[in-house]
Amino acid sequence: APRSGSWPWEELGALPAPLQFTTEGKGEVAVAAGMSFVPRVVLDKPEYRGIQVSKVIQRKDALLGRAAGPPLHRIEAGASVIVTLQMTTPDDLAKVLLVDYSAGGLEPVDA
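Keep in mind that what you see is a predicted model, and the values were worked out from it rather than measured. Counting restarts for each chain, with residues numbered from 1 along the sequence as it is written. pLDDT decides what is reported in this predicted model: residues at 70 or higher carry local features, side-chain atom pairs at 80 or more are listed and counted, and totals for whole chains, interfaces and linings draw on all residues regardless. In computing side-chain properties, one takes all heavy atoms of the structure into account and sets aside hydrogens as well as water.

S.K.: I'm lost on the pairing of strand β1 (residues 52-61) in this one. Help?
M.R.: For a regular strand, side-chain orientation follows a simple rule: the groups alternate between the two sheet faces. In terms of strand pairing, β1 meets strand β3 (residues 81-88) through 8 bridges, oriented antiparallel. Considered in β3, the bridge of Ile57 is made with Val83. Strands pair, by our definition, only if DSSP identifies at least two bridges between them. Secondary structure elements are defined from DSSP: runs of H or I of at least 4 residues count as helices, runs of E of at least 2 residues count as strands, and each element is numbered from the N terminus. Looking at chain direction, β1 and strand β2 (residues 66-68) are connected through 3 bridges and run antiparallel. Note on β2: the bridge partner recorded for Asp61 is Arg66.

S.K.: Would you mind showing me how to read the layout of surface pockets here?
M.R.: Any empty space left between atoms is shown by rolling a water-sized probe over those atoms. If you add up the space inside the largest pocket, you get close to 1000 Å³. A 1.4 Å probe that fits but cannot get out identifies a cavity on a 1 Å grid over protein atoms alone, an open set with protein on both sides within 12 Å along at least five of seven lines counts as a pocket, and a residue lines either if it has an atom within 4 Å of a point. The wall of the largest pocket is formed by 23 residues, among which Gly5, Trp7, Leu12, Gly34 and Met35 lie closest to the centre. Ten residue types, Ala, Val, Leu, Ile, Met, Phe, Trp, Tyr, Cys and Pro, are classed as nonpolar, four, Asp, Glu, Lys and Arg, as charged, and the remainder, Gly among them, as polar. Its residues placed into classes, the lining of the largest pocket shows 14 nonpolar, 6 polar and 3 charged. Grid points are joined across faces, edges and corners, and a volume is the space filled by probe spheres set on the points. The calculated volume of the second largest pocket comes to roughly 550 Å³. Every residue lining the second largest pocket is counted, 22 residues in all, and those nearest its centre are Ala79, Val81, Leu106, Glu107 and Pro108. Every element with two or more residues in the lining of the second largest pocket is listed here: β1 and β3. Considering only residue class, the lining of the second largest pocket consists of 12 nonpolar, 5 polar and 5 charged.

Take it as geometry only, folks, not as evidence of what the structure does.
Okay, here's the thing in structure tokens:
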């Protein structure tokens, strides 16, 4: 029969003991462990703890070949734009994949 329990963090001690499962006999066994976390202090303002991604679309300056002007919210048909993606995090990360799907009507051009 499944077993469950709940313990306050203070009762676990400095370092909780690792979960250990043992079994005897033949056949299959399935083990599942879960944990719900409720913070002790609930923050009253936003707290940054992850990855921040920003995307800016700017008009391309034909003479300079780079982005110019303020971020665009509307783009006229046939306009050349430059899309800049920036990812910021306080941690060193590995194996992160950032995928940006272009909006309908935008086509990449090698310049």
